[in-house]
Structure formats: C-alpha cells, structure tokens
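# Secondary and tertiary structure notes
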Amino acid sequence: MGKKILAALLALCICTVFLAGCSEEKEDIASEEKYVVSDSIIPEEKQKSIEHLIEIWAFAYKTHDLLNYNDSVAEALEFGDNSEGQNNRTKNYFDTVTDCQIINIDFSEAKSIEKNKFSIPVKYTITFNDKFKEDGQLKQGKNTVNAVFTVAENSGSDFYISDIN
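Anyway, here's the lowdown on the structure attached to this text. (Residues numbered from 1 in each chain as written. Predicted model: local features only at pLDDT ≥ 70, side-chain atom pairs only at ≥ 80, totals over all residues. Heavy atoms only, no water.)

### A look at the overall build of the chain
The cut-off we apply is this: The numbering of helices and of strands both runs from the N terminus, where a helix is a DSSP run of H or I of at least 4 residues and a strand a run of E of at least 2. Burial classification: accessible surface area is computed with a 1.4 Å probe over protein chains only, and a residue below 20% of its type maximum counts as buried, one above 50% as exposed, and the rest as partly exposed. A contact between two residues is defined here by any heavy atoms of the two lying within 4.5 Å. Values of accessible area rely on a 1.4 Å probe in the Shrake-Rupley scheme; residue burial ignores everything except the protein chains shown.
Regarding its fold elements, the chain presents 4 helices and 5 strands. Helices and strands appear in the chain in the N-to-C order α-α-α-α-β-β-β-β-β. When the 165 residues of the chain are sorted by exposure, 32% land in the buried category. Of the contacts made within the chain by residues no fewer than 6 positions apart, 50% connect residues no fewer than 24 positions apart. Just so you have it, the chain exposes about 10,400 Å², and 52% of that area is on carbon and sulfur atoms.

Next comes the structure, spelled out in structure tokens:
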C-alpha cells in the first residue's frame, strides 16, 4: 500500500512540473504578441507574423545566427560570411553585437507603402563589445535605436525586412 501512495505522489509531482512548464510556455507565446494593436492599418494576424519576424531578427543578431538573420532580411541587408575574417562589415556590425532587444514595435503608427509592404517604427537596443569600431551614430556599449523598418510580404505570404532607416 505504501508503494502505491509513493507512486501516486511521484506521478502527481511529475504532472505538476509538466503543467508548470506548459504554463510558462503559454506565457512565452503570449509575450510574442505584446505589440499587436487593434488600431493599425495592418491586420492583427499580419502584425503577429511581423512581430515574430522582428523578434527573430533581434535574437539572431544577439546570438550571431547569420543564417536566421539573413533569412529575416532582404539581400541588400544581409551580412556576408566572415569565417575567414575578411568581411569587415560583418566583423564590425554583426560579430561585435553582444545583445539586441526590441523595446517597441509601433503598429499603430504603421503606414502602407504599397500592397503588402509597410513601414513600421521600431525601437530597440543593440549592444556592441569593445572591438566595435564606432561610427557617427553607434558606439561601443548599449545603443538605443529608433528606426523605421520596411517590412514586405513575399509571394509565399512570409514577411521579411526589406529596409531599416
């Protein structure tokens, strides 16, 4: 009888841990849609896709995931392979990033440029290490950037960042 009670308690503990893990996962999913608003020219489903894209872009930047970064942007914004250390643009503006966090995606201020192409104000922080060669606007350490992302939808209904100003 004691073994059955012990087994039941063990099963209950496992279920509790599993359910706690599931609830955390739901919070993560909900947080992915923290910028979606009802008063935008962009439909909410498309806002969700764009938000996810921009979050992937930032995560790829901070984790140096060149493949996911380049999959998120148009060819003109891609960083080149720097495995040989010869690509100065990638070496300075990609390899030196230590963090990138989205602060706000302002869908309420989004504008339609053409069919399935939008300009969206985005505020984010990007942090560069001490090897970063500073330019006029960006410096070593943490930078807060207010930019306008141009986001376009391709024929497969996937979004990508076509420009950042």
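### Focus: the packing of aromatic side chains
Let me state the cut-off plainly: Planes of paired rings set the category: under 30 degrees apart is stacked, over 60 is edge-to-face and the rest tilted, where pairs are Phe, Tyr or Trp rings (Trp by its six-membered ring) whose centres lie within 6.5 Å. Only lysine NZ and arginine CZ atoms are considered, and such an atom sits over a ring when it is within 6 Å of the ring centre and within 35 degrees of the ring normal.
For the structure shown, the criterion picks out 13 aromatic pairs. Between the aromatic rings of Tyr 61 and Phe 94, the centroid separation amounts to 5.7 Å while the plane-to-plane angle is 25°, which identifies the pairing as stacked. A residue pair is termed long-range when its members are at least 10 positions apart, and Tyr 61 in helix H2 (residues 44-63) and Phe 94 in the loop between helix H4 (88-93) and strand E1 (97-105) qualify at 33 residues. Residue Tyr 61 shares its accessibility class with Phe 94, and that shared class is buried. Taking 5.4 Å as the distance between ring centres and 65° as the angle between the ring planes, the aromatic pair formed by Tyr 69 and Phe 94 counts as edge-to-face. One end of the pair, Tyr 69, is in helix H3 (residues 66-72); the other, Phe 94, is in the loop between H4 and E1, with 25 residues separating them in the sequence. Under the relative-accessibility criterion, Tyr 69 is labelled buried at 4%. An aromatic cluster is present here, built from Trp 57, Tyr 61, Tyr 69, Phe 79, Phe 94, Tyr 124 and Phe 149 joined pairwise through their rings. Across from the ring centre of Phe 79, 4.2 Å away, lies the NZ or CZ of Arg 89, which sits over that ring.

### Quick notes on unusual backbone geometry
Phi is positive for Asn 116, close to 60°, though the residue is something other than glycine. Assignment of secondary structure puts Asn 116 in the loop between strand E2 (111-114) and strand E3 (117-128). The exposure class assigned to Asn 116 is partly exposed, which follows from its relative accessible area of 23%.

### Observations concerning the pairing of E2
Looking down a regular strand, the side chains alternate between one sheet face and the other. Just so we agree on the cut-off: Whether two strands pair comes down to DSSP finding at least two bridges between them.
Bridge count for E2 against E3 is 3 bridges, and the pairing is antiparallel. Bridge pairing links Glu 114 to Lys 117 in E3. Here E2 folds back onto E3, and the loop between the two strands holds 2 residues, one of which, Asn 116, carries a positive phi near 60°.

### Some words on H2
Applied cut-off: In this scheme, a helix's expected span is set at 1.5 Å multiplied by one less than its residue total.
Over its 20 residues, H2 runs 28 Å from end to end, which matches the ideal 28 Å to within 8%, given 1.5 Å per residue. Listing the buried residues of H2 in full gives Gln 47, Ile 50, Glu 51, Leu 53, Ile 54, Trp 57, Ala 58, Ala 60 and Tyr 61. A positive phi of about 60° marks His 64, the residue just after H2.

### Focus on the pattern of salt bridges
The condition is simple: Just to be clear on terms, a salt bridge is a Lys or Arg side-chain nitrogen sitting within 4 Å of an Asp or Glu carboxyl oxygen.
By the definition in use, this model includes 3 salt bridges. In this structure, Lys 46 and Glu 153 form a salt bridge, with 3.0 Å as the shortest nitrogen-oxygen distance. Within this pair, whereas Lys 46 is found in helix H2, its partner Glu 153 is found in strand E4 (residues 141-153), the two being separated by 107 residues in sequence. Between Lys 62 and Asp 99 there is a salt bridge, and its shortest N-O distance comes to 4.0 Å. Here Asp 99 lies in strand E1 and Lys 62 lies in helix H2, a separation of 37 residues in the sequence. Take Lys 62: its relative accessible area is 26%, and that puts it in the partly exposed class.

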